[in-house]
Amino acid sequence: MHSLLTTHTITVEINEHTLFSGVSLSVPPRARIGLVGPNGSGKSTLLKVINGQIEPTSGGIDTSATSYYLPQIDLSLFESDESVNTYCSRYDSEWKKVEAELHRLFKCESIKEGALISTISGGELMMLNIAIGSIRDPDILLLDEPTNHLDVVGLRILEQYLATFSGACIVVSHDPLFLDRTVSRIWAIEHQTVEEYGGNYSAYQEALKAREETRRRSFERERKALKRQRGALEKTETRAARAEREQRRIRADDAKDKFTEGFFKDRSEQSAGKHRVRFKEEMEETKEKLSQLKPIQKRKVHVGLIAQNEGRKQLCSVDGAALSINGQVLVQDIHLQFQFGDRVAVLGKNGSGKSSLLQALVGLGAGTLTPPVRVNATSIVYVDQKYRTIDQSKTVLENIEAVHSTFTTQEARDHLAKFMFAQTADVKKRASVLSGGEAARLTLAMVTAVPVDLLILDEPTNNLDIETLDSITDGLSDFQGGMVVISHNVHFLQRLGVNRAYCIVDGQLKLMMTTPQDPEPFYSELVKIIT
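Residues numbered from 1 in each chain as written. Predicted model: local features only at pLDDT ≥ 70, side-chain atom pairs only at ≥ 80, totals over all residues. Heavy atoms only, no water.

Draft legend 1. How the structure looks around the overall build of the protein. Counting secondary structure elements, the protein contains 16 helices and 20 strands. Relative to all contacts within the protein whose residues are 6 or more apart in sequence, the contacts with residues 24 or more apart total 71%. Summed over its atoms, the accessible surface of the protein is roughly 25500 Å², and 48% of this surface lies on carbon and sulfur atoms. (Helix = DSSP H or I, 4+ residues; strand = E, 2+ residues; numbered from the N terminus. Contact = heavy atoms within 4.5 Å. Areas by Shrake-Rupley, 256 points an atom, 1.4 Å probe, with all protein chains shown as cover.)

Here is the structure:
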């Protein structure tokens, strides 16, 4: 089978830093490839290399195929005064054609001509990007984190679109369930190279586990071999010492002639020396193998979130309230209770009122609850999906010092290090230049610097790689307070331990029958309810 595109031992260096080297890959027709790797490993760069936006430092690419790159959402757009018309023009697309494609793909009519990008949701902007890409109908479609901000309907439509798309597709996503349902091979950026795996994301994870188990067994085998070699060397040294003592005894024996004494001494030393050299060479070889097989310590986020007042069992409650914005009722007859230890998900279509509801709980946004919410929690923290907690004009260090004025500089840096901002260059970065993943980690660092009773997370999975996300969920597992989350990433909800889920449908908040602890039934129920 011919390939649409082939890379030949390409190497890419950015600012004298090697992202990957010696990469040879091919893209067959109608391929469905998931590109995974930690934040900063070069996933977006590789897509741009394939699209011809970045030249590889060395190596080459053979292709006659057309390609189109759909970028990650630029958070700065939400602060701009750019209109959707201007945005489409920037990508050489006419608004009327994009509008028609939005309706065809997503049945989306909420984005109006002339609307400012800053007034639409993240999900709507992502749908806009996908519609722009769909119009091009390229041979290779390159999607950079398209699942960010999409609700379950958008995810479902994107799945269906990719299933019928006639070209090949390479997608970067941090949503394991989405990758399982859409791709048939994985490209994984690992240790400055790209490894290819057959199957979907779950198959890739199984292959990793098998590889790590093989690596662990090999490490243990070589460790035991080194122990044996050390033991053999010690025995050789012991025998040599014993022989030396015997030589000294012989030398003391006047009856022993000098020739015999020298002969046995030389033969003993030569024999011991040969054994010593051989064992040391074997030990050096084994040590080299061990260094290559040694388990790699991955950087992790350490949350360490502390509850403010664990004596308060009920944190807040809403009894029969209606959520209104500018006099218009969005959701009615709302019944909610949050207690210590709760793990609750609030789901629904984009625009259904999920964020407005949770913002109203803490007195943020334009929404109001009538009758008002009863709050017993001492401290409630809301983390929004656009990371507005961050002051873009400040550095990473200045942001953390602003929310925790009692921190010394060293304490602030120690806290930031838990969120993988360990180097001086990391903490001196201006917030305005942070990547989406870095902004998410800084936001979490800021809100976890003080004790919290109820933590509300609005689409926290956007921009975070799967390893970091798993690390964060592990860190949050020890948090004794309550947690409410908006997310359509079922893997994340499952790892977080969500045991109760609500969905806003037709202005009603409905308790779901399933939970993310049973992912497939939960996803099926969610799709059925919303669509």
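Let's pick the thread back up.
Draft legend 2. Representation of the sheet that holds strand β7 (residues 140-144). Across the sheet, 6 strands lie side by side as β6-β7-β8-β4-β9-β10; this open sheet has mixed pairing. The open sheet has two free edges, formed respectively by β6 (67-70) and β10 (193-198), since each of these has just one partner strand. Strand-to-strand twist in this sheet, taken as the mean axis angle between neighbours without regard to direction, amounts to 20°. Taken together, the 4 bridges between strand β4 (residues 32-36) and strand β8 (residues 168-172) define a ladder with parallel strand orientation. Bridge assignment links G34 to a residue of β8, and that residue is V171. (Pairing = 2+ DSSP bridges. Axes fitted to C-alpha atoms, helices over the stretch in contact; angles between N-to-C directions.)

Draft legend 3. Structural detail: the packing of aromatic side chains. For the coordinates displayed, the defined rule picks out 4 aromatic pairs. Between Y87 and Y91, the aromatic rings sit 5.2 Å apart at their centres with planes inclined by 65°, giving edge-to-face as the arrangement. Both rings, one in Y197 and one in Y204, keep their centres 5.0 Å apart while their planes meet at 65°; by these two values the pair is edge-to-face. Under the relative-accessibility criterion, Y197 is labelled buried at 12%. Members of the aromatic cluster, joined through ring pairs, are Y197, Y201 and Y204. (Phe/Tyr/Trp six-rings, centres within 6.5 Å; stacked < 30°, edge-to-face > 60°. Buried < 20%, exposed > 50% of the residue type's maximum accessible area, 1.4 Å probe, protein only.)

Draft legend 4. Local environment of the packing of helix α10 (residues 396-403) against helix α13 (residues 436-447). Two elements in contact, α10 and α13, have axes whose closest approach is 9 Å; the angle formed by their N-to-C orientations is 25°. Judged by the inter-axis angle, α10 sits roughly parallel to α13. The crossing of α10 and α13 is right-handed. Two secondary-structure elements touch here, α10 through V396, N399, I400 and V403 and α13 through L442, A445 and M446. Its residues placed into classes, the contact of α10 with α13 shows 6 nonpolar, 1 polar and no charged. (Parallel < 35°, antiparallel > 145°, perpendicular 65-115°, else oblique. Left-handed = near helix turned anticlockwise from the far one by under 90°. Nonpolar A, V, L, I, M, F, W, Y, C, P; charged D, E, K, R; others polar.)

Draft legend 5. Examining the side chain of R32 more closely. Within the secondary structure, R32 sits in strand β4. Buried charge without a partner: R32 forms no salt bridge, and the closest opposite charge is D137, 9.6 Å away. At 2.6 Å, the side chain of R32 and the backbone oxygen of F165 are in polar contact. Excluding residues that lie within four positions of it along the chain, R32 makes contacts with L162, F165, G167, A168, C169, T182, V183, S184 and R185. (Lys, Arg positive; Asp, Glu negative; His and termini not counted. Salt bridge = Lys/Arg side-chain N within 4 Å of Asp/Glu carboxyl O. Polar contact = N/O pair within 3.5 Å; in protein donor to acceptor, adjacent residues only side chain to side chain.)

Draft legend 6. Expanded view of a positive patch on the surface. Among the surface-exposed residues, K235, R239, R242 and R245 lie close enough to one another that they form a single positively charged patch. Along the chain, the position of R245 falls in helix α7 (residues 201-252). (Patch = residues over 30% accessible without salt bridge, like charges linked within 9 Å, V, L, I, M, F, W, Y side chains within 5 Å. Charge placed at Lys NZ, Arg CZ, Asp CG, Glu CD.)

Draft legend 7. Molecular detail of the environment of A168. Structurally, A168 is set in strand β8. A168 has contacts with L4, V27, P28, R30, A31, R32, D139, I140 and L141, leaving out every residue within four places of it along the chain.

Draft legend 8. Molecular detail of the nonpolar core. Counting residues in hydrophobic clusters, the biggest one holds 99 residues, and the most contacted among them are L102, L125, L128, L416 and L455. Residues contacting L102, with those up to four places away along its chain left out, are W95, K107, C108, I111, M127, L128 and A131. (Core = buried A, V, L, I, M, F, W, Y, C linked by side-chain atoms within 4.5 Å.)

Draft legend 9. Fine view of the pairing of strand β2 (residues 17-23). Two elements, strand β1 (residues 5-14) and β2, share 4 bridges in a ladder whose sense is antiparallel. By the bridge assignment, V12 is partnered in β2 with F20. The antiparallel pairing of β1 with β2 creates a hairpin that spans 2 residues between the two strands, and N15 there sits at a positive phi of about 50°.

Draft legend 10. Geometry of the pattern of salt bridges. This structure, assessed with the given rule, holds 17 salt bridges. The residue R211 makes a salt bridge to E190 at a minimum N-O spacing of 3.2 Å. Pair noted here: R211 is in helix α7 and E190 is in strand β9 (residues 185-190), with a separation of 21 residues, a long-range link. In this structure, K394 engages D391 in a salt bridge whose closest nitrogen and oxygen atoms are separated by 3.0 Å. In this structure D391 comes out as partly exposed when scored by relative accessible area, which is 30%. Sharing partners across several salt bridges, the network here consists of R156, E159, R181 and E520.

Draft legend 11. Seen up close, the side chain of S134. Tracing the sequence through the fold places S134 in helix α4 (residues 122-136). If sequence neighbours within four positions are ignored, S134 has contacts with E101, R104, L105 and Y161.

Draft legend 12. Here's a closer look at the environment of E190. Accessibility expressed as a relative area gives 9% for E190, which makes it buried. Spatially, the C-alpha atom of E190 lies 6.9 Å from that of G37, the residues being 153 residues apart in sequence. Residues within four places of E190 in sequence aside, it is in contact with E195, Y197, Y204, L208 and R211. Within the local environment of E190, its side chain forms a polar contact with the side chain of Y197, the two groups lying 3.2 Å apart. Of the polar contacts made by the side chain of E190, one reaches the side chain of R211; its length is 3.2 Å.

Draft legend 13. Examining unusual backbone geometry more closely. Cis geometry is adopted by the peptide bond preceding P371, which originates at T370 and carries an omega value of -5°. Looking at the secondary structure, you find P371 in the loop between β14 (367-370) and β15 (374-375). Phi at K107 is positive, roughly 55°, even though this residue is not glycine. Since its relative accessible area comes to 60%, K107 is described here as exposed.

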